[in-house]
Amino acid sequence: MTNTLGDYLTERGYKKIKLRLTKTNHFEIRATINGIKGRFILDTGASSSCVGFNEAKQFNLITKKSDIMATGAGASNMTTKVSDGNTIKIGRWNRGKIIIVLFNLTHVNTALINHSSEPVHGIIGADILKKGKAIIDYEKKYLYLK
């Protein structure tokens, strides 16, 4: 008999991933891109998963020009690059052929640092959450991906 949401989801093949709530009230998540570990903000409002320009080499991202202009909290019309064919691993969940958008994350990390939080390497967005059929348990602070 299933007793909790977690039990129900894991019985159906979902992977359970612990989330950490930051001082800025964001969920932080650890993820591995192309075999390299990093710290990311989980952002259901971000259409694409992103990494900062400065982290391209660290995550072995091969970048291409992009005509897409990024917009985010506090910034707009930011130049981007894209990198396709990447792998991502979050907990025991993983996928290949992932597209990562690169842009200047300075404004994001400045805001985090100003609120006594650690800077991040990037953002896990709706693209990954959709691929993993994500369910977020806000009360217990878990992300479930299938």
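A short tour of the structure in this document, coming up. All values reported here derive from a predicted model rather than from experimental measurement. Residue numbers run consecutively from 1 along every chain, following the written order of its sequence. Owing to the predicted nature of the model, reporting of local features is limited to residues with pLDDT of at least 70; listing and counting of side-chain atom pairs is limited to 80 or more, with chain, interface and lining totals taken over all residues. Only heavy atoms go into the side-chain values, all of them from the structure, while hydrogens and water stay out.

### Some details on the sheet that holds strand 11 (residues 142–145)
Strand order in the open sheet made by the three strands is 1-11-10, with antiparallel pairing throughout. Only two strands of the sheet have a single neighbouring strand rather than two, namely strand 1 (15–18) and strand 10 (135–137). When the angles between neighbouring strand axes are averaged without regard to direction, this sheet yields 25°. Inspection of the sheet shows strand 10 paired to strand 11 by three bridges, in the antiparallel sense. When the bridges of strand 11 are listed, aspartate 137 appears paired with tyrosine 142. Between any two strands, pairing holds if DSSP finds at least two bridges. Under the scheme used here, helices are H or I runs from DSSP no shorter than 4 residues and strands are E runs no shorter than 2 residues, and both carry numbers assigned from the N terminus. Lines are fitted to the C-alpha atoms to define the axes, a helix being fitted only along its stretch in contact, and any angle between axes, read from their N-to-C directions, falls within 0 to 180 degrees.

### Focus on the nonpolar core
Buried Ala, Val, Leu, Ile, Met, Phe, Trp, Tyr and Cys residues form a nonpolar core when they are joined through side-chain atoms within 4.5 Å. Each residue is placed in one exposure class: buried if its accessible area under a 1.4 Å probe, protein chains only, is under 20% of its type's maximum, exposed if it is over 50%, and partly exposed if it falls in between. Counting 24 residues, the largest nonpolar core has Ile90, Ile124 and Leu143 as the members making the most contacts within it. Those elements that provide at least two residues to this core are strand 3 (27–33), strand 4 (36–42), strand 7 (75–90), strand 8 (93–103), helix 3 (126–131) and strand 11. Pairs of residues are marked as contacts when any of their non-hydrogen atoms sit within 4.5 Å. Ignoring sequence-local partners within four residues, the contact set of leucine 143 consists of Lys15, Lys16, Ile17, Leu19, Ile29, Leu42, Leu129, Ala134, Ile135 and Ile136. Among the nonpolar cores identified, the runner-up in size contains 11 residues, and Ala46, Cys50, Val108 and Val120 belong to it.

### A look at the packing of aromatic side chains
Pairing of aromatic side chains requires ring centres within 6.5 Å, counting the rings of Phe and Tyr and the six-membered ring of Trp. Pairs whose planes differ by under 30 degrees are stacked, by over 60 edge-to-face, and all others tilted. Per the counting criterion, the structure on display carries three aromatic pairs. Ring centres of phenylalanine 40 and phenylalanine 59 lie 6.0 Å apart, and the angle between their planes is 50°; on these two criteria the pair is classed as tilted. Of the two residues, phenylalanine 40 is situated in strand 4 and phenylalanine 59 in the loop between strand 5 (50–52) and strand 6 (64–72); the sequence distance between them amounts to 19 residues. Neither residue differs from the other here; phenylalanine 40 and phenylalanine 59 are each classed as buried. On the numbers, 6.3 Å between centres and 45° between planes, the contact of tyrosine 142 with tyrosine 144 is tilted. Judged by its relative accessible area of 2%, tyrosine 144 is buried. Here, a charge over a ring is recorded when the distance from Lys NZ or Arg CZ to the ring centre is within 6 Å and its angle to the ring normal is within 35 degrees. Positioned above the aromatic ring of tyrosine 142 is the side chain of lysine 18, whose terminal nitrogen or guanidinium carbon lies 4.5 Å from the ring centre.

### Here's the deal with the pattern of salt bridges
Basic side-chain nitrogens of Lys or Arg form a salt bridge, by our definition, when they fall within 4 Å of a carboxyl oxygen of Asp or Glu. Under the defined criterion, the tally for this structure stands at five salt bridges. Where arginine 39 meets glutamate 28, a salt bridge forms, and the shortest distance between an N and an O atom there is 3.8 Å. Highlighted residues: arginine 39 in strand 4 and glutamate 28 in strand 3, separated in sequence by 11 residues. Each member of the pair, arginine 39 together with glutamate 28, is buried. A salt bridge links lysine 64 to aspartate 84; the nearest nitrogen and oxygen atoms lie 2.9 Å apart. On the criterion of sequence distance, the pair formed by lysine 64 in strand 6 and aspartate 84 in strand 7 is long-range, its members being 20 residues apart. Exposure remark for aspartate 84: the relative accessible area of 41% places this residue in the partly exposed category.

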